[in-house]
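Understanding the architecture of this molecule
What follows is each chain in one-letter form.
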Amino acid sequence: MALLDLTPDELLATTRAVRKRLDFDRPLAREVLEECLALATQAPSGSNQQGWHFVVVTDPAIRLALADLYRQGWEFYKSAPFFAGALFADDPERAPTQQRVAASAQYLADNMHRAPALLVPCIEGRTDGQPALFQASVWGSILPAAWSFMLAARARGLGTSWTTLHLIYEEQAAELLGIPFETTMQTALIPVAHTRGTDFKPAPRVPLDRVVHWDSW
């Protein structure tokens, strides 16, 4: 598939969490997904174990069942203190952005099943109750691959969004998808679709001097 005319910096700065601009009605070719997955497996992993797995869900009935689990998680999330729409409510600069994020996330929750593909990145090994060293190694062996997939998708005019709320019901999702829950951990649920238009801009971010620490905190 032809790539968008983006420099590496533009690709990194404009790979957004896409929700309202996902084109749920446009077919998505398996070959394009395979191109992105091939690039995902070029990512580094701890000790070069390559213990990643990617469950690609295109069957409408399974997409609907998985999306229903996500929506159950969404209902829980909406009442949580860390809900996007509740954060920075007293900050006049950030509150409007948070409200837009919340509305966009609600739209995705309502329409998750319509995405032509849902991707569940998985990793061998579970981090439940494990020390930080082990957890960092396991998560560090799947997150770069998943992000590489999302970058590759953006380069091909596809949109993605990293979501995790279905993990509240990870065991049910594992049963639905045939994932061996005891040995393999799901890490996200990523809707994938063509985007309506390909012009995305860098997002507003807090200044570097608030988050970068030189030599000490």
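Okay, so let's go over this structure. All of these numbers come straight from a predicted model, not from anything done at the bench.

What counts as what
- Residues numbered from 1 in each chain as written.
- Predicted model: local features only at pLDDT ≥ 70, side-chain atom pairs only at ≥ 80, totals over all residues.
- Heavy atoms only, no water.
- Salt bridge = Lys/Arg side-chain N within 4 Å of Asp/Glu carboxyl O.
- Helix = DSSP H or I, 4+ residues; strand = E, 2+ residues; numbered from the N terminus.
- Buried < 20%, exposed > 50% of the residue type's maximum accessible area, 1.4 Å probe, protein only.
- Phe/Tyr/Trp six-rings, centres within 6.5 Å; stacked < 30°, edge-to-face > 60°.
- Lys NZ or Arg CZ within 6 Å of the ring centre and 35° of its normal.
- Expected span 1.5 Å × (residues − 1).
- Contact = heavy atoms within 4.5 Å.
- Polar contact = N/O pair within 3.5 Å; in protein donor to acceptor, adjacent residues only side chain to side chain.

Some points on the pattern of salt bridges
Taken as a whole, this structure holds 8 salt bridges when the rule is applied. Between Arg 156 and Glu 35 there is a salt bridge, and its shortest N-O distance comes to 2.8 Å. Note that Arg 156 is positioned in the loop between α6 (143-155) and β4 (158-160) and Glu 35 in helix α2 (residues 30-40), a separation of 121 residues in sequence. With a closest N to O distance of 2.9 Å, Arg 126 and Glu 170 form a salt bridge. A residue pair is termed long-range when its members are at least 10 positions apart, and Arg 126 in the loop between β3 (117-124) and α5 (132-139) and Glu 170 in helix α7 (residues 170-177) qualify at 44 residues. Glu 170 shares its class with Arg 126; the two are buried.

Here's the deal with the packing of aromatic side chains
In total, this model carries 2 aromatic pairs according to the counting rule given. Between Phe 24 and Tyr 107, the ring centres sit 6.2 Å apart and the planes meet at 25°, which makes this aromatic pair stacked. Placement of the pair is Phe 24 in the loop between β1 (22-23) and α2 and Tyr 107 in helix α4 (residues 95-111), with a sequence separation of 83 residues. Assessed through its relative accessible area of 23%, Tyr 107 is described here as partly exposed. Looking at Arg 21, its charged tip hangs above the ring of Phe 200, at a distance of 3.9 Å from the centre. For the cation-ring pair, Arg 126 lies above Phe 181, with the distance from its terminal atom to the ring centre recorded as 4.1 Å.

Side note on unusual backbone geometry
Of note, Ser 47 is a non-glycine position whose phi angle comes to about 55°, a positive value. With respect to the helices, strands and loops of the structure, Ser 47 is situated in the loop between α2 and β2 (52-57). Taking the relative accessible area as the measure of exposure, Ser 47 reaches 72% and is therefore exposed. You will see that Asp 215, though not glycine, has its phi angle at about 70°, which is positive. Within the secondary structure, Asp 215 sits in the segment after β6 (190-195). By relative accessible area, Asp 215 is classed as exposed at 86%.

Looking at α6
Given 3.6 residues per turn, any residue in an α-helix points the same way as the ones three and four places further on. The end-to-end C-alpha distance of α6 is 18 Å, a good match for the 18 Å that 13 residues give at a rise of 1.5 Å each. Within α6, the full set of buried residues consists of Ala 145, Ala 146, Phe 149, Met 150, Leu 151, Ala 152, Ala 153, Arg 154 and Ala 155. Tucked inside the fold, the buried residues of α6 contact α1 (8-14), α2, β2, β3, β4 and β6. Once α6 finishes, Gly 157 follows within two positions and takes phi at roughly 80°, a positive value.

Structural notes on the side chain of Thr 15
By the secondary structure assignment, Thr 15 is in the loop between α1 and β1. With a relative accessible area of 7%, Thr 15 lands in the buried category. Here the side chain of Thr 15 touches Leu 11 through a polar contact of 2.6 Å, landing on its backbone oxygen. When residues no more than four places from it in sequence are discounted, the contact partners of Thr 15 are Trp 147, Met 150, Leu 151 and Arg 154.

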